[in-house]
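Residues per chain are reported as follows:
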Amino acid sequence: MTSTLDQFGSQTTYADAGIGAASTLWLTNGMTLVGLAIFFIVMSATLLAWRSNGGGRNWWIVGGGIVFPLVTLALLTFFSATTLRAITGGTGPDTPVIEVTGHQYWWDVVQDADGRALRDANEIVLPKSVPVTLRLLSDDVIHSFWVPSIAGKMDMIPGRINELTVTATKEGRFRGQCAEFCGLSHPLMAFEVVVLPADAYATYLDGLEDEARDAVTPQERRGKEVFLTSGCIACHAVRGVSETGQLGPDLSRVGARASLGAGMWRMNLGNLAGWIADVGDMKPGAEMPSYNHLSGPDLRAVAVWLESLK
């Protein structure tokens, strides 16, 4: 089984792809330079005082101990407030809203498109250069939403809704991560953000309303039958097949995602079969039961059918 950590979107604060990340990077670099300047000034003043014979040095106390700290702190406060305004501002009544709920250990994603609640999982699709409001919730413990290339962190707290405004400025795939320890598989709770141009984003939203692709081959039909009769529909929804399951990720377009298991494994037939057979080995602590009692042909049939859902 192949992990996706080094094969998909980048996870770095130094390759900004959003207004929030760019503002944060600018502030971080500025504060680092100011900190270095303060260090060298203090060291220089200490050396000068050590070499001095005393007398006539009160201006160092006033300038270095009162004026300089006040000016520096005032400037840092101003630039911090400016950066915070850049990160959180830019919304309006027509701003798209995406609701993201953290679970142990996956992400439920609901796109609010013109009053339509369109559900997906473990992958967040954003329009390029358009401010989007993320409504962040948690269903169990405290999680923390973080896509370093696009925006800063925001905690997801049970019983509370936090909002984060993001504006992606570059197309592509970017990796996000839960940044708050949330249990045994916390390191395995990632996700991907896909940034698309406006027309492709509209096409994506329309696709979320469509029913899942129908099973075509005999093997796909067998996989669908096994899925329906093995208890999978108690937790998972597939549009047009069974839409009652809400406890686990929506699988209507699972085969279209680049990764499996909340951003951790490449989406392919082998990883899908391995996940179904022994999810506890791939993600310890996950609530999904392992289906290692399925026969080899049935296991492969379910994996083939799920991979076809795009």
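This text goes with the structure placed above it.
Just so we're clear, the structure is a prediction, and the values are computed from it rather than from any experiment. (Residues numbered from 1 in each chain as written. Predicted model: local features only at pLDDT ≥ 70, side-chain atom pairs only at ≥ 80, totals over all residues. Heavy atoms only, no water.)

It is worth spelling out the packing of aromatic side chains at this point. Describing an aromatic ring pair means giving the distance of the ring centres and the angle of the ring planes. Summed over all chains, the structure comprises five aromatic pairs. Ring centres of F145 and F191 lie 4.9 Å apart, and the angle between their planes is 25°; on these two criteria the pair is classed as stacked. Remark: F191 occurs in strand β10 (residues 190–196) and F145 occurs in strand β6 (residues 143–146); sequence separation between them is 46 residues. Under the relative-accessibility criterion, F191 is labelled buried at 1%. These aromatic residues form a ring-pair network of at least three members: W107, F145 and F191. Its end group placed over the ring of W146, K153 keeps NZ or CZ at 4.6 Å from the ring centre. (Phe/Tyr/Trp six-rings, centres within 6.5 Å; stacked < 30°, edge-to-face > 60°. Helix = DSSP H or I, 4+ residues; strand = E, 2+ residues; numbered from the N terminus. Buried < 20%, exposed > 50% of the residue type's maximum accessible area, 1.4 Å probe, protein only. Lys NZ or Arg CZ within 6 Å of the ring centre and 35° of its normal.)

When a strand is regular, its side chains alternate between the sheet's two faces. Burial within strand β2 (residues 106–113) is extensive, with seven of its eight residues counted as buried. Where strand β1 (residues 97–103) and β2 come together, seven bridges link them in antiparallel fashion. Bridge pairing in β2 places E99 opposite V110. Hairpin remark: β1 followed by β2, antiparallel, with two residues in the connecting loop. Counting the residues between successive antiparallel strands, the hairpin from β2 to strand β3 (residues 116–121) contains two residues, one of them, D114, with a positive phi of roughly 55°. (Pairing = 2+ DSSP bridges.)

Moving on: helix α3 (residues 198–209). Taking 1.5 Å per residue as the helical rise, α3 with its 12 residues ought to reach 16 Å, and the 18 Å between its terminal C-alpha atoms agrees with that figure. When we look at burial in α3, the residues that qualify are Y201, Y204, L205 and L208. With its buried residues spanning 95° around the axis, α3 presents them on a single face. Away from the buried face of α3 by more than 90 degrees, exposed residues D199 and T203 are located. Lining the buried residues of α3 we find β1, β2, β3, β4 (123–127) and β10. (Expected span 1.5 Å × (residues − 1). Arc of directions from axis to C-beta. Contact = heavy atoms within 4.5 Å.)

The subject of this paragraph is the packing of helix α5 (residues 269–277) against helix α7 (residues 296–307). Helices that pack against each other are described as a pair by the angle of their axes relative to one another and the distance between those axes. Here α5 crosses α7 at 125°, and the two axes come no closer than 9 Å. Regarding the angle of α5 to α7, the classification is oblique. The handedness of the crossing between α5 and α7 is right-handed. The residues of α7 that touch α5, namely those facing L269, L272, A273, I276 and A277, are L299, R300, V302, A303, V304, L306 and E307. (Axes fitted to C-alpha atoms, helices over the stretch in contact; angles between N-to-C directions. Parallel < 35°, antiparallel > 145°, perpendicular 65-115°, else oblique. Left-handed = near helix turned anticlockwise from the far one by under 90°.)

Our next topic: the environment of G263. Relative to the elements of secondary structure, G263 occurs in the loop between β11 (259–260) and β12 (265–266). The exposure class of G263 is buried, given its relative accessible area of 4%. Separated by 74 residues in sequence, G263 and M189 have C-alpha atoms that sit 7.1 Å apart.

Another aspect to go through is the state of the cysteines. Note on terminology: disulfide describes a covalent bond linking the sulfur atoms of two cysteines. Applying the stated criterion to the full structure yields zero disulfides. Unpaired in this structure, C178 has its nearest cysteine sulfur neighbour in C182, at a distance of 3.9 Å. Here C235 is not cross-linked by a disulfide; its sulfur's nearest cysteine counterpart is in C232, at 8.7 Å. By relative accessible area, C235 is classed as partly exposed at 29%. (Disulfide = S-S within 2.5 Å.)

It is worth spelling out the sheet that holds β10 at this point. Sheet architecture is open: five strands sit in the order β4-β10-β9-β6-β7, paired in mixed fashion. Here the strands that pair on one side only, and so sit at the sheet edges, are β4 and β7 (154–156). The average undirected angle you get between the axes of adjacent strands in this sheet is 30°. Pairing analysis gives five bridges linking β4 to β10, with the strands arranged parallel. Considered in β10, the bridge of P127 is made with L196.

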